[in-house]
Amino acid sequence: MGSVTIGISDMKVVRDGDSIITYALGSCVGVAMYDSAKKIAGLAHILMPSSKDVRDANINPMKYVDLAVPELAKRMRRAGASEFNIVAKIAGGAQMFAMSGASAQFNIGDRNINMARESLKKLGIRIAAQDVGANYGRTVEIFSDTGIYRVKAIAKGIIEI
């Protein structure tokens, strides 16, 4: 049983008791998927909500929620997960800096959370648990043997969802 580390704009899928961890989710969102029957887990550390405003032909699909969530679901199915058994857990999407008035519309954390929810809904994937928003960063780890999504935050401790 090993642990795989992913960085920003990255994703992995594991099984056989392995886990996936990513550090320093601030406004980024960590979308985890899990198939309890097959014991397959996936995690994406996603930076931005939407690829729609980007004109780059060499776009990294793992950087944007609207592209990364369907890609993670596809990789889960490719690893043997059943689309009927996959559930999601999300964490992150913090507002790391104080904002007020019109600048609040640029809150990347909230936009990431909303896009993750919308993308999962489009795919028919239920959100089983979440720890989102607030104003602090998180480190998250998903375990393929149990589906536990461990969320650690400085001064907030550890929760398992």
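Keep in mind that what you see is a predicted model, and the values were worked out from it rather than measured.

Caption draft 1: Seen up close, the nonpolar core. Within the largest apolar cluster, 22 residues are counted, with the highest numbers of intra-cluster contacts made by V31, M33, I46 and L120. By residue number, the principal contributor to this core is helix α1 (residues 65–78), which donates 6 residues. Those residues in contact with I46 that lie beyond four places of it in its chain are C28, V29, V31, M62, K63, Y64, V65, A68, V69 and N112. One finds L25, Y34, V87 and I142 within the second-largest nonpolar core, a separate group that totals 15 residues.

Caption draft 2: Spatial organisation of the packing of α1 against helix α2 (residues 108–123). Axis separation between α1 and α2 bottoms out at 9 Å; the angle between their running directions is 40°. Regarding the angle of α1 to α2, the classification is oblique. Of the two possible hands of crossing, α1 and α2 adopt the one that is right-handed. Residues V65, D66, V69, P70 and A73 of α1 form the contact with α2, whose own contacting residues are N112, M115, A116, S119, L120 and L123. Here the residues of the contact of α1 with α2 sort into 8 nonpolar, 2 polar and 1 charged.

Caption draft 3: Highlighting the pattern of salt bridges. Counting across every chain of the model gives 7 salt bridges. Between E71 and R75 there is a salt bridge, with the nearest N and O atoms lying 2.8 Å from each other. In this pair, E71 and R75 both sit in helix α1, 4 residues apart, roughly one turn of the helix. Judged by its relative accessible area of 26%, R75 falls in the partly exposed class. Across the pair K122 and E118 runs a salt bridge whose closest N-O atoms are separated by 3.8 Å. With K122 and E118 both in helix α2 and 4 residues apart, the pair spans about one turn of that helix.

Caption draft 4: Just unusual backbone geometry, in detail. Phi is positive for D16, which is not a glycine, with a value near 60°. Position of D16 among the secondary structure elements: in the loop between β2 (10–14) and β3 (19–25). For A134, which is not a glycine, the phi torsion comes out positive at approximately 65°. Checked against the element boundaries, A134 lands in the loop between β7 (126–132) and β8 (138–143).

Caption draft 5: The sheet that holds β8, seen in detail. With mixed pairing, the 5 strands of this open sheet are ordered in space as β1-β3-β8-β9-β10. Looking at the sheet topology across the chains shown, the edges are occupied by β1 (3–6) and β10 (157–160). With strand direction ignored, the average angle separating the axes of adjacent strands in the sheet is 20°. Sheet analysis places β1 next to β3, joined by 4 bridges and oriented parallel. The residue of β3 that forms the bridge with V4 is I20.

Caption draft 6: Structural view of the side chain of R138. By the element assignment, R138 lies in strand β8. Polar side-chain contacts of R138 include one of 3.3 Å to the backbone oxygen of Y136. Sequence-distant contacts of R138, defined by excluding residues within four places in its chain, comprise Y23, A24, L25, A91, G92, A94, D131, V132, G133, V151, K152 and A153.

Caption draft 7: Representation of α2. If you check α2, its first and last C-alpha atoms are 22 Å apart, about what 16 residues at 1.5 Å a residue would give, namely 22 Å. Residues of α2 that are buried include every one of G109, N112, I113, M115, A116, S119 and L120, and no others. Contact partners of the buried residues in α2: β4 (29–35), β5 (40–46), α1, β6 (86–92) and β7. For α2, the N-terminal capping position is held by N107, with its side-chain oxygen 3.0 Å away from the main-chain nitrogen of G109. Looking one or two residues past α2, G124 carries a phi angle of roughly 75°, positive in sign.

About the criteria used
- Residues numbered from 1 in each chain as written.
- Predicted model: local features only at pLDDT ≥ 70, side-chain atom pairs only at ≥ 80, totals over all residues.
- Heavy atoms only, no water.
- Core = buried A, V, L, I, M, F, W, Y, C linked by side-chain atoms within 4.5 Å.
- Buried < 20%, exposed > 50% of the residue type's maximum accessible area, 1.4 Å probe, protein only.
- Helix = DSSP H or I, 4+ residues; strand = E, 2+ residues; numbered from the N terminus.
- Contact = heavy atoms within 4.5 Å.
- Axes fitted to C-alpha atoms, helices over the stretch in contact; angles between N-to-C directions.
- Parallel < 35°, antiparallel > 145°, perpendicular 65-115°, else oblique.
- Left-handed = near helix turned anticlockwise from the far one by under 90°.
- Nonpolar A, V, L, I, M, F, W, Y, C, P; charged D, E, K, R; others polar.
- Salt bridge = Lys/Arg side-chain N within 4 Å of Asp/Glu carboxyl O.
- Pairing = 2+ DSSP bridges.
- Polar contact = N/O pair within 3.5 Å; in protein donor to acceptor, adjacent residues only side chain to side chain.
- Expected span 1.5 Å × (residues − 1).

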